[in-house]
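# Understanding the architecture of this molecule
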Amino acid sequence: LDGAIEQKGFHIFLLFRLSPIIPFNAIDYIAGVTAISLQDYTRALFGILPGAVVYCFIGASAGNLADGQNAANGDRVFTIASIVLGIVSGLLAVFVVSYYAKKEFDVILANEMQKVNGVRLGLHASHGNDVDEGEELQHFG
C-alpha cells in the first residue's frame, strides 16, 4: 500500500477526500504514516470542496426554509421543492463520486497487490525453491 501511495499519492488521497464515508482525521493519520509527498497531500485537499459545498447548501437551505414559513403558500411550495431537489441532487452527486472513487481505489490496490505477488513469485523462482507455500508458512507460523 505504501508503494502505491508513493507513486499515486495525489490520486489516491483525492479519492479519499471525495468519499464521505472516510473521516478526515483517519485520512490525515494514513497520510502521516505513508510516503505521500507534501505536494500531493496539499493538492488532494481540494477534494473536500464538493462535500463542503453540499453542506453549505444544506445549511443555507435550512435557513431559507425557516424564513419561508412566513411566505405565501404557493411560494413556500416552490421553495421547499427547490431545496429538496438541491439537497437530493447534491447528496446523489457526492455518493456517485464516492462510488467511483472506491472503484478506482480498488483497481489501484489490486494492481499493487498483483505487483507484490509477482515479486514474491519471482523471488521463489530465482532461488529455485521447491518449497510448498504451506510448508513455508509452517516455518514462519
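A short tour of the structure in this document, coming up. (Residues numbered from 1 in each chain as written. Predicted model: local features only at pLDDT ≥ 70, side-chain atom pairs only at ≥ 80, totals over all residues. Heavy atoms only, no water.)

### A word on the packing of aromatic side chains
Per the counting criterion, the structure on display carries two aromatic pairs. Ring plane angle 90 degrees and centroid distance 5.4 Å describe the contact between F13 and F16, whose orientation is recorded as edge-to-face. With F13 and F16 both in helix α1 (residues 2–18) and three residues apart, this pair spans about one turn of that helix. Here the two residues F13 and F16 agree in accessibility, since each one is buried. (Phe/Tyr/Trp six-rings, centres within 6.5 Å; stacked < 30°, edge-to-face > 60°. Helix = DSSP H or I, 4+ residues; strand = E, 2+ residues; numbered from the N terminus. Buried < 20%, exposed > 50% of the residue type's maximum accessible area, 1.4 Å probe, protein only.)

### Concerning the nonpolar core
Judged by nonpolar contacts, A4, I5, I12, F13, F16, I27, A31, I36, A44, F105 and I108 together constitute the single largest core of eleven residues. If we ignore the near neighbours within four places in the chain, the residues touching I5 are I12, F13, I30, T34 and I36. (Core = buried A, V, L, I, M, F, W, Y, C linked by side-chain atoms within 4.5 Å. Contact = heavy atoms within 4.5 Å.)

### Considerations on the environment of I5
Considering the arrangement of structural elements, one finds I5 in helix α1. Remark: the alpha-carbon pair of I5 and I30, spanning 25 residues in sequence, is separated by 10.0 Å.

### Some points on the environment of D2
By secondary structure assignment, the location of D2 is in helix α1. Once the C-alpha coordinates of D2 and A31 are considered, the two residues, 29 residues apart in sequence, prove to be 9.9 Å apart. The contact partners of D2, leaving out residues within four places of it in the chain, are T34 and A35.

### Describing the layout of surface pockets
Space inside the largest pocket adds up to approximately 270 Å³. Lining the largest pocket are 19 residues, with L18, P20, G51, Y55 and V94 positioned closest to its centre. For the lining of the largest pocket, the secondary structure elements donating two or more residues are α1, α4 (49–67) and α5 (73–127). It is α5 that contributes the most residues to the lining of the largest pocket, six residues altogether. (1 Å grid on protein atoms, 1.4 Å probe; cavity = no way out; pocket = protein on both sides within 12 Å on 5 of 7 lines; lining within 4 Å. Points joined across faces, edges and corners; volume = space filled by probe spheres on them.)

### Topic: a nonpolar patch on the surface
The grouping of F24, F46, I48 and L49 at the surface amounts to a nonpolar patch, some 390 Å² of accessible area in total. In this structure L49 comes out as partly exposed when scored by relative accessible area, which is 45%. (Patch = residues over 30% accessible without salt bridge, like charges linked within 9 Å, V, L, I, M, F, W, Y side chains within 5 Å. Areas by Shrake-Rupley, 256 points an atom, 1.4 Å probe, with all protein chains shown as cover. Salt bridge = Lys/Arg side-chain N within 4 Å of Asp/Glu carboxyl O.)

### As for the pattern of salt bridges
Pairing is possible between side chains of opposite charge, provided their charged atoms come close. Scanning the model with the defined rule gives two salt bridges in all. One salt bridge connects R17 with D28, and the closest N-O pair in it is separated by 2.7 Å. Of the two residues, R17 is situated in helix α1 and D28 in helix α2 (residues 24–33); the sequence distance between them amounts to eleven residues. A relative accessible area of 6% means that R17 is categorised as buried. Across the salt bridge formed by R43 and D40, the nearest N and O atoms sit 3.9 Å from each other. Highlighted residues: R43 and D40, both in helix α3 (residues 38–44), separated by three residues, approximately one helical turn. In this structure R43 comes out as partly exposed when scored by relative accessible area, which is 38%. Overall, the relative accessible area of 15% leaves D40 in the buried class.

Everything listed here is a matter of geometry and, on its own, says nothing about what the molecule does.
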